[in-house]
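# Coordinate inspection notes
Here is what each chain is made of, one letter per residue.
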Amino acid sequence: MDVKIEASWKEVLKQEFNKPYFLQVAAHLKMEKASGATIYPPGPFIFHAFNTTPFAEVKVVILGQDPYHGAGQAHGLSFSVPDGVAPPPSLVNIYKELHTDIGMPIPRTGNLTAWAKQGVFLLNAMLTVRANEPASHQKIGWMDFTNAVIRKLSDEKEGIVFLLWGKFAQEKQVLIDETKHHVLKAAHPSPFSADKGFFGCKHFSKANELLMKQQKPAIDWDPTHLVAG
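For every chain, the first residue of the written sequence is number 1, and numbering continues from 1 along that sequence. This being a predicted model, a pLDDT of at least 70 is required before a residue's local features are given, and a value of 80 or more before pairs of side-chain atoms are given or counted; all residues contribute to the totals for chains, interfaces and linings. Think of the side-chain values as coming from all heavy atoms in the structure, minus any hydrogens and water.

### Notes on empty space enclosed by the protein
Formally: Cavity and pocket criteria rest on a 1 Å grid covering protein atoms alone: a 1.4 Å probe that fits but cannot get out defines a cavity, protein on both sides within 12 Å along at least 5 of 7 lines defines an open pocket, and an atom within 4 Å of a point defines a lining residue. Grid points are joined across faces, edges and corners, and a volume is the space filled by probe spheres set on the points. The helix count covers DSSP runs of H or I at least four residues long, the strand count covers runs of E at least two residues long, and both are numbered beginning at the N terminus. When residues are grouped by polarity, Ala, Val, Leu, Ile, Met, Phe, Trp, Tyr, Cys and Pro land in nonpolar, Asp, Glu, Lys and Arg in charged, and all others, Gly among them, in polar.
Summed over all chains, the structure comprises one cavity of 30 Å³ or more. Roughly 30 Å³ of internal volume is contained in the largest cavity. Lining of the largest cavity is provided by Val-61, Leu-63, Ile-150, Phe-162, Leu-164, Lys-172 and Ile-176. Mapped by element, the contributors of at least two residues to the lining of the largest cavity are strand S2 (60–64) and strand S5 (161–165). Residues belonging to the lining of the largest cavity are distributed by class as follows: six nonpolar, no polar and one charged.

### With respect to the nonpolar core
Going by this rule: Side-chain atoms within 4.5 Å link the members of a nonpolar core, which is a set of buried Ala, Val, Leu, Ile, Met, Phe, Trp, Tyr and Cys residues. Relative accessible area decides the class of each residue, using a 1.4 Å probe on protein chains only: under 20% of the type maximum gives buried, over 50% gives exposed, and in between gives partly exposed.
Grouped together as the largest cluster of nonpolar side chains are 75 residues, with contacts concentrated most on Phe-50, Trp-142, Phe-145 and Trp-221. Residue contributions to this core peak at seven residues, all from helix H6 (residues 142–156).

### Concerning the environment of Val-120
We apply this condition: The contact criterion used throughout is that any non-hydrogen atoms of two residues lie within 4.5 Å.
Here Val-120 is to be found in strand S3 (residues 120–124). Residues Val-120 and Gly-70, spaced 50 residues apart in sequence, show a C-alpha to C-alpha distance of 24 Å. Beyond its immediate chain neighbours, meaning those up to four positions away, Val-120 contacts Thr-53, Val-60, Ile-62, Trp-115, Ile-219 and Trp-221.

### Notes on the packing of aromatic side chains
Rules: Stacked, tilted and edge-to-face are the three classes applied to pairs of Phe, Tyr and Trp rings, where Trp contributes its six-membered ring and a pair requires centres within 6.5 Å; stacked means planes under 30 degrees apart, edge-to-face means over 60, and tilted covers the rest. Consider the ring centre and the ring normal. A charge sits over the ring if Lys NZ or Arg CZ is within 6 Å of that centre and within 35 degrees of that normal.
Using the criterion set out here, one finds 21 aromatic pairs in the structure. Here Phe-47 and Phe-145 contribute two aromatic rings whose centre-to-centre distance is 6.1 Å and whose plane-to-plane angle is 75 degrees, an arrangement assigned as edge-to-face. A residue pair is termed long-range when its members are at least 10 positions apart, and Phe-47 in the loop between strand S1 (39–40) and helix H3 (48–52) and Phe-145 in helix H6 qualify at 98 residues. Its relative accessible area of 0% is what places Phe-145 among the buried residues. Between Phe-50 and Phe-121, the aromatic rings sit 5.2 Å apart at their centres with planes inclined by 75 degrees, giving edge-to-face as the arrangement. Highlighted residues: Phe-50 in helix H3 and Phe-121 in strand S3, separated in sequence by 71 residues. You'll find Phe-50 and Phe-121 in the same group, each marked buried. An aromatic cluster of three or more residues is present, and its members are Trp-9, Phe-17, Tyr-21, Phe-22, Phe-47, Phe-50, Phe-55, Phe-121, Trp-142 and Phe-145. Positioned above the aromatic ring of Phe-55, the side-chain terminus of Lys-157 is 5.5 Å from the ring centre.

### Overview of the side chain of Glu-32
As for its placement among the helices and strands, Glu-32 is situated in helix H2 (residues 20–34). Leaving out residues up to four positions away in the same chain, Glu-32 has contacts with Ala-37, Ile-39, Arg-130 and His-137.

### Some words on the pairing of S2
If a strand is regular, its side chains alternate between the two faces of the sheet. Our working definition: At least two DSSP bridges between two strands are required for those strands to pair.
Along S2, five of the five residues are buried, which leaves the element largely enclosed by surrounding structure. Side chains Val-60, Ile-62 and Gly-64 project from S2 onto one buried face, and the interleaved Val-61 and Leu-63 project onto a second face that is buried too. When S2 meets S3, the two strands line up parallel, connected through five bridges. Within S3, the residue paired with Gly-64 across the bridge is Asn-124. Sheet topology note: the S2/S5 ladder contains three bridges and is parallel. Bridge pairing links Val-60 to Val-161 in S5.

### Brief notes about the pattern of salt bridges
Threshold: By definition here, a salt bridge exists when the distance from a side-chain nitrogen of Lys or Arg to a carboxyl oxygen of Asp or Glu is within 4 Å.
Within this structure, the stated rule accounts for eight salt bridges. For Arg-130, the salt bridge identified is with Glu-133, shortest N-O distance 2.8 Å. Two residues, Glu-171 and Lys-167, come together in a salt bridge whose shortest N-O distance is 2.8 Å. Among the residues examined, Glu-171 registers a relative accessible area of 46% and is labelled partly exposed. Taking the relative accessible area as the measure of exposure, Lys-167 reaches 64% and is therefore exposed. Ionic contacts of the salt-bridge type, sharing partners, join the residues Glu-32, Arg-130 and Glu-133 into one network.

Read these as spatial facts, not as claims about activity.
Following this line, the structure appears as structure tokens:
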């Protein structure tokens, strides 16, 4: 099927789009929309992470689980919310760790588009969710797709820094060739677990050190330093 997604990703993932599981995902979403269900993020933003960070530009991967399921929150980038939407609790804790780790002032915006434009691939394992029903699309086939995405990144690129926060993300470690890539693990930044190893992990400074050792530009982690688009 013809998927509207950035050209480099379309080429890399072309075999996935006609597999039965992906056709099942598309059929399921159409069925739910026809029944009147509200699905987040809006259609044009389902592949926003891919459209903002082309395949060749991926330097860091931050893996989330579900899109936000509240109105106006999800826009296709893990942990990120559009301008004007209050940063959710996990993102607040990410900002706290950034402040402790690198001294970054706590920003008011929760929009992480500036990260994505620098090569931080903000991937959720599920790309959609029903309104107010967390994990409602966990079993419709999205994880087959995003697992394939992680494998493609692992197989066809080198030197990516994968930030795996929490048990769910860490289960994806088996998809990553650690002879070619770097994996940093910590607790999830959720208020339920951030004090169990996320705070103090220093993943942001460590990721930049790993990038600079490869002569790659460091990430400017302040999301206000680039105009979000």
